[in-house]
Amino acid sequence: MNYGCYKNARNASWHCLIDYKINSLPVKVSRIAKQADITLLKNSAVNLLNNSESGTTLMQNDKLYIIYADEQSAQRCRFTIAHELGHIFLGHLFNKDGAGFATTDDAEHSANVFARDLLAPACVLHELQILTAAEISRLCNISLEAATYRSERMQELEKRNAFYKHPLEREVVKQFKEFINKKKSQSYVEL
Ligand SMILES: [Zn+2]
């Protein structure tokens, strides 16, 4: 993995889904971290976060560590880890020497977009027509709050039919094909 090799947050999330061969939801962020040789640390064990922080990334001896506030819900933890992966993959780490990020609003926003697009890929939601916050929260295992933002964004994308304009997104949906078909057939059975 080349840290910081991805450029924009949306494309980075597609790259990440493809590179880590993610083909089902919910996305296992711990598996991505493991494969990228990033160690996840519970803050309850290391006590490195401020009270206001949900997570941070540190580098020590060329090794990356994501520390997350594990007293928060699993859904929040998943988003925090995805957000920190965003900082790493988008190269925000190199804005500053040594440990820790220079956190600008811009970087925070990009990391949030990355996390949102990674955990709730628009093309998969589109294919399954999973568009409400409650459904998105359940399928993607993200908080209702995060799912509400995703749902609003999905309505917009649906209105503009803004899918598959980028080759990476076409590749992602191909990777999820089996999952999408299985989900679709399940919903028929449930009827
Ligand atoms: Zn951040």
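Quick note: structure is the one above.
Owing to the predicted nature of the structure, the values given are computational and were not obtained by experimental measurement.

So, how was this worked out
- Residues numbered from 1 in each chain as written.
- Predicted model: local features only at pLDDT ≥ 70, side-chain atom pairs only at ≥ 80, totals over all residues.
- Heavy atoms only, no water.
- Pairing = 2+ DSSP bridges.
- Helix = DSSP H or I, 4+ residues; strand = E, 2+ residues; numbered from the N terminus.
- Axes fitted to C-alpha atoms, helices over the stretch in contact; angles between N-to-C directions.
- Salt bridge = Lys/Arg side-chain N within 4 Å of Asp/Glu carboxyl O.
- Donors = N, O, S within 2.8 Å, 3.2 Å for Na, K, Ca; no water.
- Buried < 20%, exposed > 50% of the residue type's maximum accessible area, 1.4 Å probe, protein only.
- Left-handed = near helix turned anticlockwise from the far one by under 90°.
- Contact = heavy atoms within 4.5 Å.
- Nonpolar A, V, L, I, M, F, W, Y, C, P; charged D, E, K, R; others polar.

**With respect to the sheet that holds strand β1 (residues 38-42)**
Thought 1: The three strands are arranged β1-β3-β2 in an open sheet whose pairing can be described as mixed. Each edge of the open sheet is held by one strand with a lone partner, namely β1 and β2 (55-60). Strand-to-strand twist in this sheet, taken as the mean axis angle between neighbours without regard to direction, amounts to 25°.
Thought 2: Sheet analysis places β2 next to strand β3 (residues 63-68), joined by six bridges and oriented antiparallel. When the bridges of β3 are listed, glycine 55 appears paired with tyrosine 68.

**Considerations on the pattern of salt bridges**
Thought 1: One pass over the structure, following the stated rule, counts five salt bridges.
Thought 2: Put simply, aspartate 37 and lysine 63 hold a salt bridge, and the shortest N to O gap is 3.6 Å. One end of the pair, aspartate 37, is in the loop between α2 (29-35) and β1; the other, lysine 63, is in strand β3, with 26 residues separating them in the sequence.
Thought 3: In this structure, the salt-bridge partner of aspartate 117 is arginine 116, at a minimum N-O distance of 2.9 Å.
Thought 4: Beyond isolated ion pairs, a larger network of salt bridges with shared partners links Arg116, Asp117 and Arg150.

**Details of the coordination of the zinc ion**
Thought 1: Each protein donor to the zinc ion is listed here as His83 (NE2), His87 (NE2), Glu108 (OE) and Glu108 (OE); together their distances run 2.1 to 2.7 Å.
Thought 2: Donor residues binding the zinc ion come from one chain and are separated in sequence as H-x3-H-x20-E. Remark: histidine 87 and histidine 83 occur in helix α4 (residues 74-89); sequence separation between them is four residues, near one turn of the helix.
Thought 3: On the basis of relative accessibility, which here comes to 10%, the residue histidine 83 falls in the buried class.

**Here's the deal with the packing of helix α7 (residues 133-140) against helix α8 (residues 144-160)**
Thought 1: Taken N-terminus to C-terminus, the directions of α7 and α8 make an angle of 120°; their axes are 8 Å apart at the nearest point. Between α7 and α8 lies a crossing whose hand is right-handed. On the side of α7, the interface is formed by Ala133, Ala134, Ile136 and Ser137, while α8 contributes Leu144, Ala147, Thr148, Arg150, Ser151 and Met154.
Thought 2: Classifying every residue of the contact of α7 with α8 gives six nonpolar, three polar and one charged.

**Quick look at the environment of serine 52**
Thought 1: For serine 52, the location among the structural elements is in the loop between α3 (43-46) and β2.
Thought 2: Under the relative-accessibility criterion, serine 52 is labelled exposed at 69%.

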